[in-house]
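# Structure at a glance
Below are the chains, spelled out letter by letter.
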Amino acid sequence: MYLLKNIKKVYADDKNKETALNNISISFPNSGMVFVVGKSGSGKTTLLNLLSFFDTPTEGTIEFLGVNINSVNDDKRSFFRKNYIGFVSQEFNLFNSLSVYENVAFSLEVQGKKINKTKIESLLERLGILEYKNKKVINLSGGQKQRVAIARALIKNPKVILCDEPTGALDSTTSVQVMELLKEVAKDRLVIMVTHNPELAKKYSTRIVNL
Ligand code: ADP
Ligand code: MG
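Residues numbered from 1 in each chain as written. Chains lettered and ligands numbered in written order. Predicted model: local features only at pLDDT ≥ 70, side-chain atom pairs only at ≥ 80, totals over all residues. Heavy atoms only, no water.

Direction vectors running N to C along helix H3 (residues 100-110) and helix H5 (residues 142-154) enclose 30°, while the axes themselves pass 8 Å from each other. Viewed along their axes, H3 and H5 adopt a mutual orientation that is roughly parallel. The element H3 and its partner H5 pack so that their crossing is right-handed. Between H3 and H5, the contacting residues are Val 100, Asn 103, Val 104 and Ser 107 on the first element and Val 148, Ala 151 and Arg 152 on the second. Among the residues forming the contact of H3 with H5, the class breakdown is 4 nonpolar, 2 polar and 1 charged. (Axes fitted to C-alpha atoms, helices over the stretch in contact; angles between N-to-C directions. Helix = DSSP H or I, 4+ residues; strand = E, 2+ residues; numbered from the N terminus. Parallel < 35°, antiparallel > 145°, perpendicular 65-115°, else oblique. Left-handed = near helix turned anticlockwise from the far one by under 90°. Contact = heavy atoms within 4.5 Å. Nonpolar A, V, L, I, M, F, W, Y, C, P; charged D, E, K, R; others polar.)

As structure tokens, this is what we get:
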């Protein structure tokens, strides 16, 4: 799915220079659960931001499905992100004033796809949040919001799902539920998951990348 060659990411302003990733070369397969682990500040979020094309490397190349991402324009990158990538960020980035259902439906709208009520509801059910369907996101707990963010990513049926610490805010029962669901969807797509939980990585990964 991805081929990264000699990736370097430096954050710089007038005063400071911070090298977040230094000469990383790695490939990611088309399916499976790849865990990215490493201590705080090791560059996990930076890597995910590169893989979702939210950010660009300072040096090196990223190939996605055989396409060199550096050499395509912003429209093409947006197209890839919109249609092929589901992103579950640490901050969720949901619409607080919209309901759970509306947040997930919006994800389909962005793709220009028809809203399929049955499909949305069955996904909400699998994530244990169907009962909150009409609740505004602002009134949900952290764990519930996270599951909405995961539903919003999954409804797109993307080729890749990128998750930044997806079970951080979940209790252990819900966390198992979410991991089992991701494990199932990883049979025919790539799930890349950042976590600081080595137990989780050991249990569910098909591969572990240590930054
Ligand atoms: P992790 O997710 O593993 O905790 P990050 O990718 O967030 O690590 O950060 C890696 C390093 O890059 C850290 O030293 C962090 O301070 C720095 N960094 C991350 N984002 C920025 C940014 N936008 N501007 C400047 N430095 C940053
Ligand atoms: Mg991080």
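A few words now on the site of ligand 1. Ligand 1 sits among Tyr 11, Glu 18, Ala 20, Lys 39, Ser 40, Gly 41, Ser 42, Gly 43, Lys 44, Thr 45 and Thr 46. The separation between an oxygen atom of ligand 1 and a polar main-chain atom of Ser 42 is 3.2 Å. One of the side-chain nitrogen or oxygen atoms of Thr 46 is found 2.5 Å away from an oxygen atom of ligand 1. A total of 560 Å² of accessible area belongs to ligand 1 in isolation, and the protein chains cover 59% of it. Counting residues per element, the ones that place at least two in the shell around ligand 1 are strand E2 (17-28) and helix H1 (44-51). The residue inventory of the shell around ligand 1, partitioned by class, reads 2 nonpolar, 6 polar and 3 charged. (Near = heavy atom within 4 Å. Polar contact = N/O pair within 3.5 Å; in protein donor to acceptor, adjacent residues only side chain to side chain. Areas by Shrake-Rupley, 256 points an atom, 1.4 Å probe, with all protein chains shown as cover.)

On to a nonpolar patch on the surface. Taken together, the side chains of Phe 95, Phe 106 and Val 110 make up a nonpolar region of the molecular surface, amounting to roughly 240 Å² of accessible area. With respect to the helices and strands, Phe 106 occurs in helix H3. (Patch = residues over 30% accessible without salt bridge, like charges linked within 9 Å, V, L, I, M, F, W, Y side chains within 5 Å. Salt bridge = Lys/Arg side-chain N within 4 Å of Asp/Glu carboxyl O.)

Turning our eyes to something else, we now look at the side chain of Ser 99. Looking at the secondary structure, you find Ser 99 in the loop between strand E6 (85-88) and H3. Judged by relative accessible area, Ser 99 falls into the buried class, the value being 8%. Discounting chain neighbours no more than four positions away, the residues touching Ser 99 are Lys 133, Asn 134, Lys 135, Lys 136 and Val 137. (Buried < 20%, exposed > 50% of the residue type's maximum accessible area, 1.4 Å probe, protein only.)

For the rest of this paragraph, the subject is the pairing of strand E1 (residues 2-12). In summary, the side chains of a regular strand alternate between the two faces of the sheet. The pairing of E1 with E2 spans 8 bridges and is classified as antiparallel. Bridge pairing links Tyr 2 to Phe 28 in E2. The turn linking E1 back onto E2 is made up of 4 residues. Where E1 lies against strand E4 (residues 59-64), 5 bridges are found, and the strand directions are antiparallel. (Pairing = 2+ DSSP bridges.)

Let us look at the pattern of salt bridges. Throughout the structure, instances matching the rule amount to 7 salt bridges. Glu 121 is the partner of Lys 117 in a salt bridge, and the nearest nitrogen-oxygen pair spans 3.6 Å. Taken together, the residues span about one helical turn, with Lys 117 and Glu 121 both in helix H4 (residues 117-126) at a distance of 4 residues. Classification of Glu 121 by relative accessible area gives buried; the value is 19%. Close ionic contact of Lys 133 with Glu 121 constitutes a salt bridge, the shortest N to O distance being 2.6 Å. On the criterion of sequence distance, the pair formed by Lys 133 in the loop between H4 and H5 and Glu 121 in helix H4 is long-range, its members being 12 residues apart. On the accessibility criterion, Lys 133 (18% relative accessible area) is buried. Overlapping salt bridges, with partners in common, bring together Lys 117, Glu 121 and Lys 133 in one network.

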